[in-house]
Amino acid sequence: MARFMLQRVITSIVTLFLASIVVFVGVRLLPGDPALVLAGETADPAVVAAIREQFGLNQPIWIQYFNYVGQALQGNFGVSTRDRIPVAEILLQRLPITLELAGLAILVGVLIGLTAGIVSAVKRGSFADYAANVFGLIGLSVPHFWLGMLAILFFAINLQALPASGYVAFTEDPGENLRRMILPALVLGTGLSAVLMRQTRAALLGQLSADYVRTARSKGVSRNREVKHALRNSLTTVVTVLGLQLGALIGGAIITEQIFVIPGFGKLIIDAVSARNYPVLQGAVLVAVTGYVLVNLAVDIAYAYLNPRMRLAGGAR
Amino acid sequence: MSVLEVEHLRVEFGTENGPVIAVKDVSFRLEKGEILSLVGESGCGKSTVAMSIPRLLGDSHVTLGGSVRLNGVDLSAFSEKRMQAVRGKEISVVFQEPMTSLNPAYTVGSQISEVLLRHEGLSRRAALARAVELLELVGIPDAQRRTAAFPHELSGGMRQRVMIAIAVACNPVVLIADEPTTALDVTIQAGVLDIFRRLRDNLGTSIVLITHDLGVVADIADRVAIMYAGRIVEMASTAAIFAAPTHPYTRGLLGALPSRAVMQTDGRRRLTDIPGLVPSPSTDPDECQFAPRCASASGACTAARPAADLVAVGHSVSCYHPAVGAML
Amino acid sequence: SPSADEVVAGGIAVVALSDEPDTLDPTVANTFVARVVFTAFCEKLYDSNDSLELVPQLAASLPVTSADGLTVDIALREGILFNDGTPFNADAVKITLDRNLTLDTSSRKKELAALQSVEVVDDNNIRLTLSRPFSPLGAQLADRAGAIMSPTALETLGLDFGTDPVCVGPFDFTDRVPGSEINFTKSDYYYDKDLVKLDGVTYKFITDPNIRAANLRSSDINVAERLNASDVDQLGADGVDVLDVSAIGYQGLTINIDPTMSSSPLASSVELRKAFELSIDRDALNTVVFAGQTTPDCVPLPKQMAFRPDDIQCVDFDPDAARALVEASGETLPIPVELLIPARPTDQKTAEVIQQMANDVGFDVTIKPVEFVSALDLGRAGEFDMFLIGWSGRMDPDGDLNDLLTTGGTNNYSRMADSEVDSLISEAASVTETDARRDLYAQALDRIDEIKPLIYLYHDTWFLGLAGITGVEYSADAIPRFKTAELTK
Amino acid sequence: MITAKPKAASSTPRPRWQRVARRFARRPMAVTGLILVVGFVLFAILGPILLTDPNQQDFTAILQTPSFAHLLGTDDLGRDVFARIANGARVSLMAGVMSTALALIIGITIGLITGFYRGWVDVVVMRIVDVMLAFPFLIFAVGLAAILGASLTNVIIALAVSQVPEVIRIARGEAMAIREQEFVSGAVADGARDGTIMFRYIAPNAMSAFIVQATVAIPAAIIGESTLSFLGLGVQPPMSSWGIMLTSAQQYLAQAPYLALFPGIAIALTALGFNLLGDGLRDVLDPKETR
Amino acid sequence: MSEQPVLEVSNLVKHFQSGSRLGGGRTVVRAVDGVDLTIGRGEILGLVGESGSGKSTVGSCIARLTQPSSGTIRLLGRDISTLSRREMRPLRSEVHVVFQDPYSSLNPRMTVGQIVTEPLRQHRRGTRAERNRIVSDMLERTGLSLELVGRFPHELSGGQRQRVALARALVLGPSLVIADEPVSALDVSVQASILNVILDLQIDLGFSCLFITHDLSVVEFISDRIAVMYLGKIVETATRAELFRDPQHPYTQALLSAAPTADPSSARGRERIILSGDLPSPTEEISGCPFHARCPVAIDRCTNEVPLLLGVTGPDHQSACHLVTAENGAPLINQGDKNLVHNAS
Ligand SMILES: Nc1ncnc2c1ncn2[C@@H]1O[C@H](COP(=O)(O)OP(=O)(O)OP(=O)(O)O)[C@@H](O)[C@H]1O
Ligand SMILES: Nc1ncnc2c1ncn2[C@@H]1O[C@H](COP(=O)(O)OP(=O)(O)OP(=O)(O)O)[C@@H](O)[C@H]1O
Ligand SMILES: [Mg+2]
Ligand SMILES: [Mg+2]
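Residues numbered from 1 in each chain as written. Chains lettered and ligands numbered in written order. Predicted model: local features only at pLDDT ≥ 70, side-chain atom pairs only at ≥ 80, totals over all residues. Heavy atoms only, no water.

A few words now on the overall build of chain E. Across its full length, chain E carries 11 helices and 14 strands. Relative to the compact-globule value of 20 Å for 345 residues, chain E shows a C-alpha radius of gyration of 21 Å, a close match. Based on the C-alpha atoms only, the size of chain E along its principal axes is roughly 70 × 55 × 45 Å. Burial analysis of chain E (345 residues in total) assigns 59% to the buried set. A separation threshold of at least 6 residues defines the contact pool for chain E, and within that pool the share at least 24 residues apart is 65%. Of note, chain E has its 35 positive side-chain charges centred 10 Å away from the centre of its 37 negative side-chain charges. (Helix = DSSP H or I, 4+ residues; strand = E, 2+ residues; numbered from the N terminus. Rg over C-alpha atoms; globule rule 2.2 N^0.38 Å. Buried < 20%, exposed > 50% of the residue type's maximum accessible area, 1.4 Å probe, protein only. Contact = heavy atoms within 4.5 Å. Lys, Arg positive; Asp, Glu negative; His and termini not counted. Charge placed at Lys NZ, Arg CZ, Asp CG, Glu CD.)

Turning our attention to the site of ligand 2. All names here are of chain E. Taken together, 13 residues surround ligand 2, and among them Ser51, Gly52, Lys55, Ser56 and Thr57 come closest. Serine 51 is positioned such that a nitrogen or oxygen atom in its side chain is 2.7 Å from an oxygen atom of ligand 2. Glutamate 181 is positioned with one of its side-chain polar atoms (N or O) 3.4 Å from an oxygen atom of ligand 2. Considered on its own, ligand 2 offers 640 Å² of accessible surface; in the complex 63% of this is hidden by protein. No other element matches helix α1 (residues 55-62), which puts 3 residues into the shell around ligand 2. Along the lines of polarity and charge, the residues of the shell around ligand 2 split into 4 nonpolar, 6 polar and 3 charged. (Near = heavy atom within 4 Å. Polar contact = N/O pair within 3.5 Å; in protein donor to acceptor, adjacent residues only side chain to side chain. Areas by Shrake-Rupley, 256 points an atom, 1.4 Å probe, with all protein chains shown as cover. Nonpolar A, V, L, I, M, F, W, Y, C, P; charged D, E, K, R; others polar.)

Quick look at the pairing of strand β11 (residues 200-205) of chain C now. On any regular strand, side chains alternate: one points to one face of the sheet, the next to the other face. Residues and elements named next belong to chain C. Among the 6 residues in β11, 5 count as buried, and that is most of the element. As paired elements, strand β2 (residues 12-17) and β11 share 6 bridges and run parallel to each other. Note on β11: the bridge partner recorded for alanine 13 is valine 201. Where strand β10 (residues 181-186) meets β11, 5 bridges bridge the pair, whose relative direction is antiparallel. Directly across from glutamate 181, in β11, lies its bridge partner lysine 204. (Pairing = 2+ DSSP bridges.)

For the rest of this paragraph, the subject is the UniProt feature "transmembrane region" (unreviewed entry) in chain D. Residue and element names in this part refer to chain D. The positions that UniProt labels "transmembrane region" (unreviewed entry) are, in the present scheme, residues 29-51, 101-121, 133-161, 210-235 and 256-277. The distance separating the terminal C-alpha atoms of residues 29-51 is 30 Å; by composition the span is 96% helix and 0% strand. Helix and strand shares over residues 256-277 are 95% and 0% respectively, and the end C-alpha atoms of the span are 33 Å apart. (UniProt positions renumbered as here; feature names shortened; annotations may be inferred.)

In this section: the sheet that holds strand β12 (residues 310-314) of chain E. Residue and element names in this part refer to chain E. Taken together, the 8 strands give an open sheet; going across it, the order is β6-β7-β8-β3-β9-β10-β13-β12, and neighbouring strands pair in mixed fashion. The open sheet has two edge strands with one neighbour each: β6 (95-98) and β12. Pairs of neighbouring strands in the sheet enclose a mean axial angle of 20°, with direction left out of account. Pairing of strand β3 (residues 44-49) with strand β8 (residues 208-212), which is carried by 4 bridges, proceeds in the parallel orientation. Following the sheet pairing, glycine 46 is matched in β8 by phenylalanine 211. This element, α1, spans β3, β7 (176-180), β8 and β9 (225-230) of the sheet and lies at about 150° to β8. (Axes fitted to C-alpha atoms, helices over the stretch in contact; angles between N-to-C directions.)

Quick look at the UniProt feature "domain: ABC transmembrane type-1" (unreviewed entry) in chain D now. With numbering matched to this structure, UniProt assigns "domain: ABC transmembrane type-1" (unreviewed entry) to residues 89-278 of chain D. Each end of residues 89-278 of chain D is marked by a C-alpha atom, and these two atoms are 19 Å apart; helix forms 85% of the span and strand 0%.

Across all of its chains, the model carries 14 cavities of 30 Å³ or more by this definition. In terms of lining residues, the second largest cavity is bounded by 15 residues, among which Ile157 of chain A, Asn210 and Ala214 of chain C together with Gln250 and Leu253 of chain D are the most central. Residue assignment for the lining of the second largest cavity shows that the elements contributing at least two residues are α7 (144-158) of chain A together with α5 (209-217) of chain C. Here the lining of the second largest cavity gets 5 residues from one element, more than from any other, and that element is α5 of chain C. Among the residues forming the lining of the second largest cavity, the class breakdown is 8 nonpolar, 4 polar and 3 charged. (1 Å grid on protein atoms, 1.4 Å probe; cavity = no way out; pocket = protein on both sides within 12 Å on 5 of 7 lines; lining within 4 Å. Points joined across faces, edges and corners; volume = space filled by probe spheres on them.)

Another aspect to go through is the site of ligand 1. With respect to spatial proximity, 15 residues lie near ligand 1, and among them Ser42, Gly43, Lys46, Ser47 and Thr48 of chain B are the closest. Residues near ligand 1 are shared among chains B and D, making this a multi-chain site. In the model, an oxygen atom of ligand 1 is placed 3.0 Å from a nitrogen or oxygen of the glycine 45 of chain B main chain. Within the side chain of serine 47 of chain B, one N or O atom sits 2.6 Å away from an oxygen atom of ligand 1. Here ligand 1 loses 71% of its free accessible area of 640 Å² to cover by the protein chains. Counting only elements with at least two residues in the shell around ligand 1, the list comes to β1 (4-15), β2 (18-30) and α1 (46-52) of chain B. For the shell around ligand 1, the per-class residue count stands at 5 nonpolar, 6 polar and 4 charged.

Moving on, we get to helix α10 (residues 257-285) of chain D. Between the first and last C-alpha of α10 of chain D there are 41 Å, a value that for 29 residues agrees with the 42 Å anticipated at 1.5 Å per step. Within α10 of chain D, 22 of the 29 residues are buried, which leaves it mostly tucked inside the rest of the structure. (Expected span 1.5 Å × (residues − 1).)

Our focus in this paragraph is the packing of aromatic side chains. Applying the stated criterion across every chain yields a total of 29 aromatic pairs over all chains. Judged by centre distance (6.1 Å) and plane angle (70°), the ring pair of tyrosine 203 of chain C and phenylalanine 482 of chain C falls under edge-to-face. Pair noted here: tyrosine 203 of chain C is in strand β11 and phenylalanine 482 of chain C is in the loop between β23 (480-481) and β24 (486-488), with a separation of 279 residues, a long-range link. Directly above the aromatic system of phenylalanine 221 of chain E lies the positively charged group of arginine 269 of chain B, at a separation of 5.9 Å from the ring centroid. Across from the ring centre of phenylalanine 307 of chain C, 4.5 Å away, lies the NZ or CZ of arginine 437 of chain C, which sits over that ring. (Phe/Tyr/Trp six-rings, centres within 6.5 Å; stacked < 30°, edge-to-face > 60°. Lys NZ or Arg CZ within 6 Å of the ring centre and 35° of its normal.)

Another aspect to go through is the sheet that holds β2 of chain C. Where strands meet in a sheet, backbone hydrogen bonds hold them as pairs that are either parallel or antiparallel. Residue and element names in this part refer to chain C. Across the sheet, 7 strands lie side by side as β9-β10-β11-β2-β12-β20-β13; this open sheet has mixed pairing. Each edge of the sheet is formed by a strand with only one pairing partner; in this case those strands are β9 (171-177) and β13 (241-246). Examined bridge by bridge, β9 and β10 share 6 bridges and lie antiparallel to one another. Directly across from arginine 176, in β10, lies its bridge partner isoleucine 182.

To continue, consider the pattern of salt bridges. All names here are of chain C. By the definition in use, this model includes 76 salt bridges over all chains. Between glutamate 181 and lysine 204 there is a salt bridge, and its shortest N-O distance comes to 3.6 Å. Taken as a pair, glutamate 181 in strand β10 and lysine 204 in strand β11 lie far apart in primary sequence, 23 residues in all. Using a relative accessible area of 15% as the deciding quantity, one classes glutamate 181 as buried. Between arginine 438 and aspartate 435 there is a salt bridge; the shortest N-O distance is 2.8 Å. Here aspartate 435 and arginine 438 lie together in helix α14 (residues 434-451), a separation of 3 residues that amounts to about one turn. (Salt bridge = Lys/Arg side-chain N within 4 Å of Asp/Glu carboxyl O.)

Taken together, the contacts link 43 residues of chain B with 43 residues of chain E. Taken together, chain B and chain E are joined by 1 salt bridge. Between arginine 270 of chain B and aspartate 200 of chain E there is a salt bridge, and its shortest N-O distance comes to 3.2 Å. One can count 7 residue pairs in polar contact (both at pLDDT 80 or more) joining chain B with chain E. Those elements that place two or more of their residues in the side of chain B that touches chain E are α6 (156-168), α7 (186-203), α8 (214-220), α9 (238-243) and β12 (269-270) of chain B. Ranked by residue count, the leading element in the side of chain B that touches chain E is α7 of chain B, at 8 residues.

All names here are of chain E. Topologically, leucine 332 is positioned in the loop between β13 (317-319) and β14 (341-342). By relative accessible area, which is 53% here, leucine 332 ends up exposed. As a C-alpha pair, leucine 332 and arginine 141 span 191 residues in sequence and 46 Å in three-dimensional space. Ignoring sequence-local partners within four residues, the contact set of leucine 332 consists of Gln253 and Val297.

Here you go:
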């Protein structure tokens, strides 16, 4: 187990390291450079050159990279080209917002997805199963942004029940914060819940026909306990799926934040792309990637916990 | 009164490709402290019989016919709830696959305790203590420590013994063992069979032992029922089956054993095999289903199904042309 | 009418901007939205009025230019303080102007190119020495180049002035939440603080005009900048006041007229460029895409500008004439034109309408939408046949022509190189007299029209939505000011 | 371990595809999916031929609600929404199918090679796959589309590249599982070359997995295309794509909600069709059930 | 044994590395730990042993499906243990394998005809017509009717599949066939017919065979000579008759006594040796005799010293046990001091 963890941690670090190179190079592959954006409409070549120098963009890329990594390892991600505010500060400001959104979405997704998945697997062939399946399929087939548009159309424009958009910090007004987060979280959570529902259902159905469930039945236990036996073994799949879905969740957050004007990470990334704000873009993408890698590390550890076979020997996946 | 009476058991599975009549008509009795062996080739319906006695085939695609009586009480009328009280307590089952029949996510101890908690009303602690005793009973060394082990930490033989511990936890009246040793090595198989023998001797457990290994049968069974295509074609004491097999199929099975090789005139060793293929389980024609593969088949065989006849005391056979006497 | 509503004392006005401003450092800032925000806390030596004429703000009077046009004297207001309590005086002005002239990354350097040195005459007077006569200088000082920064703040923050800027202004910078908002509170040091009724202003960044409108409707914000024309009627019906102003900027089709860079026949044929213009129905474009809310035009100078020639005659939409020209060109039809556009919904819609109109007379317009910054890159590099791009406009006509159409100009995307135009524009900049300048610009515009490196389309009309607020100033430069604003119930 | 048991051979065995087809036909959901998919494909092929010009603007008929003249109404430039949806179907299906096909070709080749050879090839490829997976799809696609520029080809490339890691994982998993099967050892024992083993023995047996993956990936790619278009990184105007139609519809959400409704429904139905089809195929091709 | 043997294996070792390269420490599975074997021309050598004792690994090393860790494998006198895949390719026609699982040993996407033709194709034997003739001949010999040629494996019964596998293995006329539990998954009656076919073909075609099984009655039926394997080592080899008459190694003795015989009279009367515990994990390094932990008669020497495979009582009967002596022969394990022997009632 310890070896397995160590191995996972090492591969995670390798992944992050490679990811940082990809981010760094990728950002610089975008046509147009930050200096040009900053220099504005008039874009005086002298000013452009000065800005490039100021942000070290005139150096060879590998030197830029090593400088960046050296600084980043000390927690210094540079300053935003747009407003010279330290990137770390910006990231810290934005992260809680996206975490709240993602957290709520995961809550929604897990609550709906897991419940629906379990019910539909246990009551296979029933109306509830049918309904859950239809929900799952539709959830998979509807783009986030359209769902967001429909939600705004229905709840904000037609019913005028919820605000169309905007963000209020939780610390400022918790009630208002939640009121404004409900729609985005629902929109973001729906896709997740659809995936989770389907995976839970499939995993649980698979496990329910496993030999050990038959053994449990032969002991004379109730149906609920049978399901419990199977569920314990299905959770590994569900947890893994949750980890892998995180990428989709971050992607969905970008769109959702865009539509509901939530100043989170997704919006930060999109804005940074259009402003060619390299330091912010690098920082934000790296944090997103780190989040993904960490969550999947956590998932693997949870997996190991849920799956006793893993506790001794190594090598999941 | 027999402990277990199975009468005209019929099991039909509805599948996408039409019905599968896995068990067509099976009747037998089991006495107290008796080991009855159900023998037959793959797919002849042995497991289905085993599973349908405690009604473990809980699927909507299954149609059950006939009756199962436990100590004279007809179980077929029982609700699912009442059956739950019977399973694990009065009838318990040991399955073939020791690798997959235990839940990988729970410790061995808790899986044994579960049945005790369910039927014996023991406290968690008492159940665990009893689990240790049971593990000792089935010959697992260092039982105390093993209760905390997960199935994957045990070898196949040990897992199979854990399965047996679970099955015998509540001193069942009837133990159904579905190919309990098939996946095990011979040296380990011998140990497991030994446990069955001791259970029968010490606790008076009645055992239905399903197998396709005639060696196992010879070793342990009191009586043998030979199954072919969803029916019992011959039933007799173990000694009688081996000494005087009467049904051509039984004779074919015995002849196919490598230990019964015959030397041909050209000096080649040879086994007698049964030509042809097993019939499809989707139909149940009124004829002897072994007839197409049978050397002694006649027109009568395909005209109507032969009924079970007694050829000797306690020796019944369903055949128009029963053979007499020992095999060569 | 808002005046009928009951006014509330104090309160914070929430203003939705269409974009996030760049740094709030007047020396380096470049975005339009930053200019909007500067009005809250950073006054300039001069401001502009409804006809885009100069009026004093931190200066005491209009600048006095010497006869040779090489020295400019500016008298400053006395006894006023920066928002940190630092006294405002000639030294402070010199420090700001010097910084604008010398900082490497100063975007003002070019605007003040004619300015040679700044001299403190006394506490309240400065003298500017120019290298050549340069009449647009006043206009520059009415923009970011004339925004005076607190020397104390410059001292402590240096390059990072924009992170906590201090100027003279009705409001004082409190904090900035990147990506979300900038907060200001009423300044205690402001000379006109009695006129200031609000406790503060918050500028939020909401890029989507629909969402700005929705928030206005739900009263989550008080002011929304640059609403969609299509939303205006509905907003009015919902009780939102909408002010509009014809923006000083223009939108146009820049044509690459360097045949070595563009393979389209447009590059080498003035006739075809004329045909293209003739094919465009500016009024229809206005109606369809902008609900009739823009001001179609064929010159860069806005209608409200005093220097605009009076007798501008735009060519009328005439598809038959266009077709005739196209056919007369002898090129194989249809004539290919790749139209580069920034990938933004409105630009895309405009492009689609133009495409249909031009294709109708024998062009084959393909639209190439590119993300905005990349599009500018391509524009600058001359990798396009035609580029749908605008200019935000300047108070002084020089800013709308020089560098955009002069030989070798950085923003001369069309690769225009005409000595006649060059000299007309530079001459106009050195003349001080309004009529004379207007005349020179008229000649320049005529010449430009002959060459047609650019097909001007319209001046935007910008809509400012107001909900629960009154007293907002919104004039010719399209920058809302909140100095005298008050919230209403 | 003894798992497989001989089964009685049926008297007249049918070809596998016939049995699969029969099983498929018994699933109403799967058949619905097939009908939806075929319907949209036909719509995409025939629609633009039969309907009016999707790009024809009519300034006298702007933002009209659905009517006989315009079944689904007109958009902000007076173009027929139905015709534009038909045109968008081409784009969406093209983007979905082509990107998935591309991803499958690349992913399967790499996946089979890594799964077959394992060793350092595998270690290196899997680290790269990890990195690719760690980039949320949208960030990846947005970046790629921004670098490459907006056009259908580039959208297809961006979508394909972002799908590749998943395909590699699946192909690798299949290759590793199948190469353990004895018939592969048998081929090795014959002296079969590696290429023969990979493409004659392993690939055909992984086909079910690939087909199922394709039907899962296509709807995701269709949604991906619309999302990229929605972010302004999609196809070139005036070509209509459902995502672009939705982007411009956003402006008229209050005035003309049907503009947002119909393209959205088209996306959802197409994706639903592929998802239903995929589910059906997954069940039907499940090796457990076909054996 | 004047003639050159078809196969000579000496000191074959195969250790599997498990665990990842990145993760630091690895474990070693000693699947095969020094095996010597010889198979003469036309001889069938039965290899028996418990599950996990390394039988299959020996087989696949010989067929070079697995790269041996060390040791030499001589096929027809040529050392093939270090040949590259390319060098090995032409020699592949000399050695072929039949696997246990009739369901996974045939490519499900190929027809019977294609499957049996495949080795000919790989070795570019004959024209298409010749191949077809060879294939139909082979199918006939294995008892398959020609109408099966167009069928897919899943359309066949287990016995038919195993015949196809046999046809495929023999179609190139190899000198050596490795049969890895070819009948273990089959019912007795089917098993019988397959065993008959193997014997017939072996006599007709004259190939040598390494027959791997865990079923003593099968090995007794088919083999000329038998090797007993325990934990990666051969513990005893002898001719069939000799082994059953005089099992010398304690493990062999336990195995024979535990094996069920389908004869109630002998099955019940007989004394049964039940070994304690299971096969130890092959990852542990065991000093001394691999069997000592379960051996009822082990002495101190057994835990310290590895016994060599020696023909103590005669050159043709080799066993690896310290307790076998030329004078007394094999130890009597039911008289061991450990209380492990049950007398069946
Ligand atoms: N759930 C089921 N659905 C459909 N058919 C089934 C099902 N279970 C068993 N069968 C079929 O019923 C027949 C008898 O199966 P069963 O498992 O009882 O045989 P068996 O004698 O135990 O065979 P084996 O020796 O292989 O275990 C077979 O043809 C099998 O395919
Ligand atoms: N590729 C491999 N990697 C790691 N360990 C392996 C590998 N192949 C086999 N082993 C291990 O080597 C040992 C011997 O395996 P092998 O399959 O040769 O045994 P066997 O005698 O054929 O057993 P069975 O009767 O179960 O087929 C086992 O412990 C097995 O787990
Ligand atoms: Mg069975
Ligand atoms: Mg093996």
